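Structural overview for review
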Amino acid sequence: MLKAIVTVMLKKGIFDPQGRAVQNGLESIGFEGIGSVRVGKQIEIVLDTQDQANAEASVHKMCDKMLANPVVESYSFEIVEA
Amino acid sequence: MNWGVLLFPGSNCAEDCFHVIDKVLGKPVTYLWHKDTDLGDVNAIIIPGGFSYGDHLRPGAIAHLSPAMTAVKEFADKGGLVIGICNGFQILTEARMLPGSLLQNKGIKFLCQDQTLRVENAETAFTSEYETGAVVGFPIAHNEGNYYAKPKTIAEMEKNGQILFRYCNAEGEVSDATNPNGSINSIAGIINRTGNVVGMMPHPERSSDAVLGLSDGKGVFISMLKYLEEKHGLDH
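The structure presented is a predicted model; accordingly, all values stated were derived computationally and were not measured.

Parameters and conventions
Sequence positions are assigned chain by chain, starting from 1 and proceeding in written order. The order in which chains are written sets their letters, starting at A; the order in which ligands are written sets their numbers, starting at 1. Reporting of local features is limited, given that this is a predicted model, to residues whose pLDDT is at least 70; pairs of side-chain atoms are given and counted only at 80 or more, and all residues count toward the totals for whole chains, interfaces and linings. The basis for every side-chain value is the complete set of heavy atoms in the structure, and neither hydrogens nor water enter the calculation. Numbering of helices and strands starts at the N terminus; helices are DSSP runs of H or I of at least 4 residues and strands are runs of E of at least 2. Per-residue accessibility, obtained with a 1.4 Å probe over protein chains only, is compared with the maximum for each type, and a residue is labelled buried under 20%, exposed over 50%, and partly exposed between these values. A pair of strands is considered paired only if DSSP assigns at least 2 bridges between the two. Axis lines are fitted through C-alpha atoms, for helices just across the contact stretch, and the angle between N-to-C directions can take any value from 0 to 180 degrees. Counted as salt bridges are all cases of a side-chain nitrogen of Lys or Arg within 4 Å of a carboxyl oxygen of Asp or Glu. We call two residues in contact whenever any of their non-hydrogen atoms come within 4.5 Å of each other. The term buried area denotes the loss of accessible surface (1.4 Å probe radius) that occurs when two parts are joined, taken as the sum for both partners. Any N or O atom pair separated by 3.5 Å or less is treated as a polar contact, with the protein-specific requirement of one donor-capable and one acceptor-capable atom, and with residues adjacent in sequence counted only for side-chain atom pairs.

Some words on the environment of Gly35 of chain A
Residue and element names in this part refer to chain A. Positionally, Gly35 belongs in the loop between α1 (17-28) and β2 (41-47). Here Gly35 falls in the exposed class, since its relative accessible area comes to 72%. For the pair Gly35 and Gln23, spaced 12 residues apart in the sequence, the C-alpha separation amounts to 8.8 Å.

Quick look at the structure:
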C-alpha cells in the first residue's frame, strides 16, 4: 500500500483571509517577525497499489478533477509507504 | 413551461425556490435529484443554495461531479436557462459553466443580511424586468461569496455586459465600503457569454413573496418566465 499526501494551497497572489487571521492571532500573542501566513489543506489518500508510477498518475487525476480548483488553487503531493 | 429545482444532499433553499415558481408564478415545477441522468422536459433549471455535500473540500467541489450536472451541462449547451443561487453559483463555477470562483469572504465572517444590489445589465433573459442601474434588495447568506477571476477574465466580462448585479448602498453607489465580502469589482451576479447561465450569491427567491417583506427578487423569475414564454409559446 502507498499513501499520497496531497497539499492544496490558494495560488500565490490570491488573498487568504484565513491565513491573515492566523497571522493576527500569532502576533497578538507576541510572536514577532512573521512575514505572512497561508493556510491550506492536507489530504491523505491510501492507495491499494505498490506501483509508484500508477499511484502518481492516479493522484494527478484526482487533483485535477476534484481535489484542487485550478482557477484559484495549486497542489503538490508526495507518495510514501502507507 | 416546466421548471426544475435541482436537489443535492445538503441543499436547503430548494423549497423557497419551489414555492416561488409554484405559488408566486403559479407554474409547474418539479424537484430533480442529483443522481438523475434524465432531467425530463424542464425548460429552466434552478440550482438552489445550501451546503451540498456539506461544503466539504470546497463549496460545490463534490456536487459539480454529480450525474445530474452532466445533464445540466447538456441542457445549457442547447440553450436551456440555468440559474445557480449561492451554493448553486459555487457549483456552476466548479463545473466551469461560469468563469471564476468564490473564495472565503474577506472578513472571514459568515454574512447573513439584507443587501442592496445594482442591476448592471437589464438586457438579459434573467433581468429584463428591471431597469439597468436600478437598486434592488435581496438577502445574502454565505461564507464563500468573494468572487474572484483573473484580471483578464474580469475585463472581458465587464466589456461583454456579463456582470448582472453589483453590491451597492441604498443610493446605488458602489465602493469598497458597500462590498460585503471582498468580491472583485463588487460582483454579486454574473451571466455566461451565451446569456443562458447565471450565477449569483444573493437570494432572489428569499425576496420574491411580499409576505416576506421584500419582493424585488421576483423580477428574476418573471424575466425568465417571459423569455421562455416568448421562446416556446404561451401554451407550452
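Having put the structure on the table, let's press on.
Description of the sheet that holds strand β6 (residues 111-119) of chain B
Residue and element names in this part refer to chain B. The mixed open sheet is built from nine strands, whose spatial order is β2-β1-β3-β4-β11-β10-β9-β6-β7. Because the sheet does not close on itself, it has two edges, and the strands there are β2 (29-33) and β7 (135-142). Each strand axis lies, on average, 25° off the axis of its neighbour in the sheet, ignoring direction. Pairing between strand β1 (residues 3-7) and strand β3 (residues 44-47): three bridges, direction parallel.

Brief notes about the pattern of salt bridges
If you walk through the whole model with that rule in mind, you get 11 salt bridges over all chains. Measuring nitrogen to oxygen at the nearest pair gives 3.1 Å for the salt bridge that ties Glu120 of chain B to Arg166 of chain B. Taken as a pair, Glu120 of chain B in the loop between β6 and β7 and Arg166 of chain B in strand β9 (residues 163-168) lie far apart in primary sequence, 46 residues in all. Look at Glu120 of chain B and you get buried, because its relative accessible area is 19%. Through salt bridges with shared partners, a single ionic network connects Lys41 and Glu73 of chain A together with Arg58 and Glu94 of chain B.

Considerations on the interface of chain A and chain B
Interfaces are often sized by the amount of accessible area the parts lose when they come together. Listed per partner, the contact involves 17 residues of chain A and 16 residues of chain B. When chain A packs against chain B, the two sides together hide about 1400 Å² of surface, and 68% of this comes from carbon and sulfur. Counting across the interface, chain A meets chain B through one salt bridge. Between Glu73 of chain A and Arg58 of chain B there is a salt bridge, with the nearest N and O atoms lying 3.3 Å from each other. Put simply, chain A and chain B have seven residue pairs in polar contact (both at pLDDT 80 or more) between them. For the side of chain A that touches chain B, the secondary-structure elements that each account for two or more residues are α1, β2 and α2 (52-67) of chain A.

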